[in-house]
Amino acid sequence: MSNTNATFPSASGGAAAVREYHVREHHPEQGTLLGFWIYLMSDCLLFASLFAAYAVLGRNYAGGPSGAELFDLPLVAINTAFLLVSSITFGFAMIAAQAKKLGGTMLWLGITGLLGLCFLGLELYEFYHLIHEGAGPSRSGFLTAFFSLVGTHGLHVLFGIVWLVVLMFQLAKHGLGAENMRRLSCLSLFWHFLDVVWIFVFTFVYLMGVLP
Amino acid sequence: MSSQHHDHHGHHGDPLHGHTHGDAPGVHYSLKDYTTGFILAVILTVIPFWLVMGNVLDPSTTKYVILGFAGVQLIVHMVYFLHMNSKSEGGWNMMALLLTIVLLVIVLSGSIWVMHHMNANMMPGMGDAAAVTGHGNHDMQ
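Residues numbered from 1 in each chain as written. Chains lettered and ligands numbered in written order. Predicted model: local features only at pLDDT ≥ 70, side-chain atom pairs only at ≥ 80, totals over all residues. Heavy atoms only, no water.

A. Molecular detail of the overall build of chain B. Along its length, chain B carries four helices and zero strands. Going through the 141 residues of chain B one by one, you find that 26% of them count as buried. Sequence separation of 24 or more characterises 50% of the internal contacts of chain B that already satisfy a separation of 6 or more. Total accessible area computed for chain B in this model is approximately 9,200 Å², and 71% of it derives from carbon and sulfur atoms. (Helix = DSSP H or I, 4+ residues; strand = E, 2+ residues; numbered from the N terminus. Buried < 20%, exposed > 50% of the residue type's maximum accessible area, 1.4 Å probe, protein only. Contact = heavy atoms within 4.5 Å. Areas by Shrake-Rupley, 256 points an atom, 1.4 Å probe, with all protein chains shown as cover.)

Structure (structure tokens):
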């Protein structure tokens, strides 16, 4: 509101100037979320190229093991469950934040972060297991494409967790002000976006990779 | 202050004003949305896993069915988790999404199409290599 008092006297002239005031007051908030959305769309294109590479190389086994021999579907199902549940716990964090309940927000964010860590842990275990069996990224075109795609998704989750921890410190220090709500909204978009990408990873890579 | 308030209301019909009225980010996070989305997402995840792990349908049909489920789940996540609608951010979210979908279709269908043809054209020269690979797989089984 202090902004209003500063600009209003000079704006008393016409509707155009008043309009400018609205732009100044509201757009930064919208601008951040829209800008972040555009970043996510560009990230979509990054994943699209990796999916395209997997679509082209996914059956080039070079005499090595195939997806049907390597993939452990129960493990993937558990990983999928971790990510899906972490999506709804993030939703609970957003609902708590909206109700200005700092404790609830922190609790749900913490649970979300732990679920993300479980996801990453299982994925690293899977990677370690594959490399240990001699099915590392350099074994065949299929495995190169697999490790690039799933590894890039895993890196995104890792950065999501780092962001989440940093944001929890911010929340503890500054509470649920407008800035932190904006940051939470962006992280919420990011986290749900990663879950959307995972839908296609488990469908296209794991489930379809097991089919002959 | 009162005149200013009055003026504020005077421009309520302003088209620029319409979508920028919220004080917080324009999304309302509701428990109902998240639980609906979560239940739908669980159903849409469990069915494809069951189809593949239980060998319910024949593989070529399963492939298309699970892709269909992924497509539906994508829409569920967008509506209930990402809170997408045609009006969010004054329609610009949707515009960016549509542009991305266009680029995505071009990148994906283009690479698969081109690479499929290159593979097909390479086949005569690769005959031996393919035979060796087939043999290798056979040995492994």
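B. Molecular detail of the overall build of chain A. Each helix and strand in chain A was counted, giving seven helices and zero strands. Along chain A, from the amino end to the carboxyl end, the secondary structure elements read α-α-α-α-α-α-α. Across the 212 residues in chain A, those meeting the buried criterion constitute 53%. A sequence separation of at least 24 residues applies to 79% of the contacts in chain A between residues at least 6 apart. Accessible surface, chain A as shown: approximately 8,900 Å² in total, 69% of it carbon and sulfur.

C. Main features of the side chain of Glu123(A). Residues and elements named next belong to chain A. Summarising the element assignment, Glu-123 is placed in helix H5 (residues 102–132). No salt bridge is formed by the buried Glu-123. Its closest oppositely charged neighbour is Arg-59, at 19 Å. With residues up to four places along the chain from it excluded, the contact list for Glu-123 reads Asn-79, Val-150, Gly-154 and Trp-198. (Lys, Arg positive; Asp, Glu negative; His and termini not counted. Salt bridge = Lys/Arg side-chain N within 4 Å of Asp/Glu carboxyl O.)

D. Just the nonpolar core, in detail. Counting residues in each nonpolar core, the largest one holds 80 residues, and the members touching the most others are Trp37(A), Phe146(A), Leu184(A), Trp198(A) and Tyr206(A). Setting aside anything within four residues of it in sequence, one finds Phe146(A) in contact with Tyr54(A), Phe71(A), Glu126(A), Phe127(A), Leu130(A), Gly151(A), Val205(A) and Tyr206(A). (Core = buried A, V, L, I, M, F, W, Y, C linked by side-chain atoms within 4.5 Å.)

E. Quick look at the packing of helix H4 (residues 73–98) of chain A against helix H2 (residues 31–53) of chain B. The contact between H4(A) and H2(B) brings their axes to 10 Å, and the two run at 175°. Of the possible angle classes, the one that applies to H4(A) and H2(B) is roughly antiparallel. Residue-level contacts link Leu73(A), Pro74(A), Val76(A), Ala77(A), Thr80(A), Leu84(A), Val85(A), Ile88(A), Gly91(A), Phe92(A), Met94(A) and Ile95(A) of H4(A) to Leu31(B), Tyr34(B), Thr35(B), Phe38(B), Ala41(B), Val42(B), Thr45(B), Phe49(B), Val52(B) and Met53(B) of H2(B). Among the residues forming the contact of H4(A) with H2(B), the class breakdown is 18 nonpolar, four polar and no charged. (Axes fitted to C-alpha atoms, helices over the stretch in contact; angles between N-to-C directions. Parallel < 35°, antiparallel > 145°, perpendicular 65-115°, else oblique. Nonpolar A, V, L, I, M, F, W, Y, C, P; charged D, E, K, R; others polar.)

F. Summary view of the confidence of the model for chain B. Residues and elements named next belong to chain B. Chain-level pLDDT for chain B is 74 on average; 68% of the residues reach the 70-or-more range. Per-residue pLDDT, averaged within each element of chain B, yields its smallest value for helix H1 (residues 2–10) (40) and its largest for H2 (93). Across residues 1–24, where pLDDT falls below 50, the model places 26 contacts with residues more than four positions away in sequence or in other chains. Reported for the predicted complex are a pTM of 0.79 and an ipTM of 0.80. (pLDDT = per-residue confidence, 0-100.)

G. The environment of Leu122(A), seen in detail. Considering the arrangement of structural elements, one finds Leu122(A) in helix H5. Taking the C-alpha atoms as reference points, Leu122(A) and Asn79(A), separated by 43 residues in sequence, lie 6.9 Å from one another.

H. Structural context of a nonpolar patch on the surface. Together, Leu155(A), Leu158(A), Phe159(A), Val162(A) and Val166(A) make up a nonpolar patch on the protein surface, roughly 450 Å² of accessible area in all. One can find Leu155(A) in helix H6 (residues 141–174). (Patch = residues over 30% accessible without salt bridge, like charges linked within 9 Å, V, L, I, M, F, W, Y side chains within 5 Å.)

I. Up close: the environment of Leu102(A). Residues and elements named next belong to chain A. Turning to its location among the elements, Leu-102 is positioned in helix H5. When the C-alpha positions of Leu-102 and Leu-149 are compared, they lie 36 Å apart, and in sequence the two are 47 residues distant. When near neighbours in sequence (up to four residues on either side) are disregarded, Leu-102 contacts Leu-171, Gly-175 and Leu-176.

J. Structural context of the environment of Phe81(B). Of note, Phe81(B) is situated in the loop between helix H3 (59–80) and helix H4 (92–140). On the accessibility criterion, Phe81(B) (1% relative accessible area) is buried. Residues within four places of Phe81(B) in sequence aside, it is in contact with Ser87(A), His192(A), Tyr34(B), Gly37(B), Phe38(B) and Val76(B).

K. Seen up close, the packing of H6(A) against helix H7 (residues 178–210) of chain A. All names here are of chain A. Direction vectors running N to C along H6 and H7 enclose 160°, while the axes themselves pass 10 Å from each other. Judged by the angle between their axes, H6 and H7 are roughly antiparallel. Taken as a pair, H6 and H7 cross one another with a handedness that is left-handed. Partitioning the contact of H6 with H7 into residue classes produces 20 nonpolar, six polar and one charged. (Left-handed = near helix turned anticlockwise from the far one by under 90°.)

L. Main features of H4(A). A rise of 1.5 Å per residue sets the reference length of H4(A), with its 26 residues, at 38 Å; its end C-alpha atoms lie 38 Å apart and thus fit the reference within 8%. Just beyond H4(A), the residue with positive phi is Lys100(A), at close to 60°. (Expected span 1.5 Å × (residues − 1).)

M. How the structure looks around H2(B). For H2(B), with 23 residues, the first-to-last C-alpha span of 33 Å sits near the 33 Å given by 1.5 Å per residue. What H2(B) keeps buried is the set Tyr34(B), Gly37(B), Phe38(B), Ala41(B), Leu44(B), Thr45(B), Pro48(B), Phe49(B), Leu51(B) and Val52(B). In this fold, the buried residues of H2(B) make contact with H4 and H7 of chain A together with H3 of chain B. Phi turns positive one or two residues past the end of H2(B), at Asn55(B), with a value near 50°.

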